[in-house]
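The lines below spell out each chain.
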Amino acid sequence: VPDPVLGEVTAPIEIVNYGDFACPACRAWHSAGVVEQLTEIYGEKVRFVWKDFPIITPYSPKAAEAGHCAASQGKFWEYHDYLYESTTNFRDDGLKAAATALGLDQAAFDACLDSGEMAGKVRTNENEARRLGFRGTPGFTFNGQALPAPPSFNQLAQLIDRQLQSP
């Protein structure tokens, strides 16, 4: 199962967000619109990758699985945005209601979530986040380098400009 990506695979800049749908700081970073601003300015030069780091609540791992179940229907980013913007219920009924609201194939989504078929993918991402030394969410890497804290738009823009100017 590939990680959800926004942007071109060939982009010279890769920003990875290790997040948790139930994390207030992750929600705040999402709400700040950093991804949209950077996409508007840098376009095809930047790609964003989502990886799970579901450690905030007991429901976080299942919410992460739900994201991948939505991804299997090509709707990861819509589901991602819906969880951050429109729900705080990360129990199974809330996750399934989000799929309903987005018009996903409900039977397929429910079967995916109930079977736990995405649990291995979620664990792999979580283990990667821990190897990078992340202790909380959200965690970020910029072209493979861990960033010390959730980066602001200005911090990322400076990193991107520096990277694009280097020979």
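All figures in this text were calculated on a predicted structure; none of them were measured in a lab.

Colleague: For this particular structure, what's the right way to read the side chain of serine 60?
Modeller: For serine 60, the position within the fold is in helix 3 (residues 60-71). Exposure remark for serine 60: the relative accessible area of 1% places this residue in the buried category. In this structure, serine 60 is in contact with Asp20, Ala22, Pro54 and Ile55, ignoring residues within four places of it in sequence.

Colleague: Is there a simple way to think about the packing of helix 3 against helix 7 (residues 119-131) in this case?
Modeller: How two helices sit against one another is set out by the angle between their axes and by the gap between those axes. Closest axis-to-axis distance for the helix 3/helix 7 pair is 9 Å, and the angle between their directions is 115°. Here helix 3 lies roughly perpendicular to helix 7, going by the angle between them. Considering only the axes of helix 3 and helix 7, their crossing is right-handed. Between helix 3 and helix 7, the contacting residues are Pro61, Ala64, Glu65 and His68 on the first element and Ala119, Lys121, Val122 and Asn125 on the second. Classifying every residue of the contact of helix 3 with helix 7 gives 4 nonpolar, 2 polar and 2 charged.

Colleague: How should the state of the cysteines be read in this particular structure?
Modeller: Working definition: the covalent bond between the sulfur atoms of two cysteines is a disulfide. Overall, the coordinates contain 1 disulfide when judged by the stated rule. With a sulfur-sulfur separation of 2.1 Å, cysteine 69 is cross-linked through a disulfide to cysteine 112. Disulfide cysteine 69-cysteine 112: torsion about the S-S bond near -80°, hence left-handed. In this pair, cysteine 69 is assigned in helix 3 and cysteine 112 in helix 6 (residues 106-115), connecting sequence segments 43 residues apart. Residues cysteine 69 and cysteine 112 agree in their burial class; the two are buried.

Colleague: Is there a simple way to think about the sheet that holds strand 1 (residues 5-6) in this case?
Modeller: Two orientations exist for strands paired in a sheet by backbone hydrogen bonds: parallel and antiparallel. Read across the sheet, 5 strands follow the order 1-3-2-4-5 without closing on themselves; strand pairing throughout is mixed. Looking along the sheet, the strands with just one partner apiece sit at the ends: strand 1 and strand 5 (145-146). Against the sheet, helix 4 (residues 76-86) makes contact with strand 1 and strand 3 (46-52), and its axis sits at roughly 65° relative to strand 3, the strand it touches most. Sitting on the sheet, helix 7 touches strand 2 (13-19) and strand 3, and the angle it makes with strand 3 is about 105°.

Colleague: Is there a simple way to explain helix 3 in this structure?
Modeller: With 12 residues, helix 3 extends 17 Å between its outermost C-alpha atoms, agreeing within 8% with the 16 Å of an ideal straight helix rising 1.5 Å per residue. In terms of burial, helix 3 is a largely internal element, 9 of the 12 residues being buried. Every buried residue of helix 3 is listed here: Ser60, Ala63, Ala64, Glu65, Ala66, Gly67, His68, Cys69 and Ala70. Along its buried surface, helix 3 packs onto strand 3, helix 4, helix 5 (92-101), helix 6 and helix 7.

Colleague: Hey, could you run me through the nonpolar core in this one?
Modeller: Across soluble globular proteins, nonpolar side chains have a tendency to be buried as a group. The biggest cluster of nonpolar side chains holds 23 residues, and the ones touching the most others in it are Phe21, Tyr79, Leu83, Phe90, Leu95 and Phe109. When residues in this core are grouped by element, the largest group, 5 residues, is from helix 4. Leave out the neighbours within four places in its chain, and leucine 83 touches Phe21, Arg27, Ala63, Phe90, Leu95 and Ala98. Of all hydrophobic cores here, the second largest spans 16 residues; its members include Val35, Val46, Leu147 and Ile160.

Colleague: Would you mind showing me how to read the pairing of strand 2 here?
Modeller: A regular strand carries its side chains on alternate faces of the sheet. Among the 7 residues in strand 2, 6 count as buried, and that is most of the element. Looking at chain direction, strand 2 and strand 3 are connected through 7 bridges and run parallel. Bridge pairing in strand 3 links isoleucine 13 to valine 46. Here 4 bridges tie strand 2 to strand 4 (residues 139-142), and the two strands are oriented antiparallel to one another. Note that in strand 4 the partner of valine 16 across the bridge is threonine 141.

Calculation rules
Residues numbered from 1 in each chain as written. Predicted model: local features only at pLDDT ≥ 70, side-chain atom pairs only at ≥ 80, totals over all residues. Heavy atoms only, no water. Helix = DSSP H or I, 4+ residues; strand = E, 2+ residues; numbered from the N terminus. Buried < 20%, exposed > 50% of the residue type's maximum accessible area, 1.4 Å probe, protein only. Contact = heavy atoms within 4.5 Å. Axes fitted to C-alpha atoms, helices over the stretch in contact; angles between N-to-C directions. Parallel < 35°, antiparallel > 145°, perpendicular 65-115°, else oblique. Left-handed = near helix turned anticlockwise from the far one by under 90°. Nonpolar A, V, L, I, M, F, W, Y, C, P; charged D, E, K, R; others polar. Disulfide = S-S within 2.5 Å. Pairing = 2+ DSSP bridges. Expected span 1.5 Å × (residues − 1). Core = buried A, V, L, I, M, F, W, Y, C linked by side-chain atoms within 4.5 Å.

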